[in-house]
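An overview of the molecular structure
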Amino acid sequence: MKKIRLKDEYPWFSGDEYIEISDEIAEVFVEFAKEERRYKRNKYNHRAFYSLDVDDGIEAEMLFVSLSPQEIYERKVTQGEIYAAINSLPEKQAKRIYAHFFQDMSMTQIGRIEGVSKMAVSKSIESGLKKIEKLLKNGFTKD
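As a starting point, this report considers the structure included with it. (Residues numbered from 1 in each chain as written. Predicted model: local features only at pLDDT ≥ 70, side-chain atom pairs only at ≥ 80, totals over all residues. Heavy atoms only, no water.)

Turning to the overall build of the protein, a few remarks are in order. Each helix and strand in the protein was counted, giving 7 helices and 2 strands. Classification of the 143 residues of the protein by burial places 17% in the buried group. For the protein, contacts bridging at least 24 residues in sequence account for 38% of all contacts bridging at least 6. With the model as given, the accessible surface of the protein reaches about 11,900 Å², and the carbon-plus-sulfur share is 55%. (Helix = DSSP H or I, 4+ residues; strand = E, 2+ residues; numbered from the N terminus. Buried < 20%, exposed > 50% of the residue type's maximum accessible area, 1.4 Å probe, protein only. Contact = heavy atoms within 4.5 Å. Areas by Shrake-Rupley, 256 points an atom, 1.4 Å probe, with all protein chains shown as cover.)

So, in structure tokens, the structure goes:
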């Protein structure tokens, strides 16, 4: 007979309880752990990672939910407000935010291009985002 801790075998188990199991059952647990490790290793070795972001888009199409006209309008208005708020920022700050969030550039890349430190870019973007948040909370719209 072997003792096992239930929390080790069943992560969702909240107690800290030990039980005795037969040697045959203990062997099943050991074999299962080996099979799981083997499966994960094979999945990694064969690069069998599946994502909804694959290029064929089949899975992403299945998840597509059509929006109502009202939702489309609300998104456009919100997007317009965000662009207007970004345009109200100082030019350098607006360019940094645009490069980071819309062009997926890292802060290090932006800093290298501008000849400044990553920290300067980070502080600038953070400050800009706070200004944008404040503008949007106050009902900012560009006429």
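Right, picking up where we left off after that structure.
Here we come to the pattern of salt bridges. A full pass over the atoms with the stated rule returns 8 salt bridges. Two residues, Glu35 and Arg38, come together in a salt bridge whose shortest N-O distance is 2.2 Å. Taken as a pair, Glu35 and Arg38 lie in helix H2 (residues 23–45) at a separation of 3 residues, close to a single helical turn. Assessed through its relative accessible area of 42%, Glu35 is described here as partly exposed. Among the ionic contacts, a cluster of salt bridges with common partners joins Arg5, Asp8 and Asp16. (Salt bridge = Lys/Arg side-chain N within 4 Å of Asp/Glu carboxyl O.)

Looking now at the nonpolar core. Core analysis: the largest hydrophobic core is formed by 12 residues, namely Ala85, Ile86, Leu89, Ala94, Ile97, Ala99, Met105, Met107, Ile110, Val121, Ile125 and Ile132. In contact with Leu89, other than residues within four places in its own chain, are Ala94, Ile97, Gly128, Lys131 and Ile132. (Core = buried A, V, L, I, M, F, W, Y, C linked by side-chain atoms within 4.5 Å.)

Under the defined criterion, the tally for this structure stands at 2 aromatic pairs. Where Tyr83 meets Phe102, the ring centres are 5.6 Å apart and the plane angle is 35°; that geometry is what we call tilted. Residue Tyr83 is located in helix H4 (residues 69–87), and its partner Phe102 is located in the loop between helix H5 (91–101) and helix H6 (107–114); the two are separated by 19 residues in the primary sequence. You can call Tyr83 partly exposed: its relative accessible area is 35%. Residue class for Phe102 comes out partly exposed when judged on its relative accessible area of 37%. Between the aromatic rings of Tyr98 and Phe102, the centroid separation amounts to 5.1 Å while the plane-to-plane angle is 20°, which identifies the pairing as stacked. Residue classification places Tyr98 among the partly exposed positions, given a relative accessible area of 40%. Members of the aromatic cluster, connected to one another through ring pairs, are Tyr83, Tyr98 and Phe102. (Phe/Tyr/Trp six-rings, centres within 6.5 Å; stacked < 30°, edge-to-face > 60°.)

What follows deals with the side chain of Ser124. Mapping Ser124 onto the fold places it in helix H7 (residues 118–137). Classification of Ser124 as buried rests on a relative accessible area of 12%. Discounting chain neighbours no more than four positions away, the residues touching Ser124 are Gln93 and Arg96.

Let us look at the environment of Met107. In this fold, Met107 is placed in helix H6. Residues Met107 and Val121, spaced 14 residues apart in sequence, show a C-alpha to C-alpha distance of 6.1 Å.

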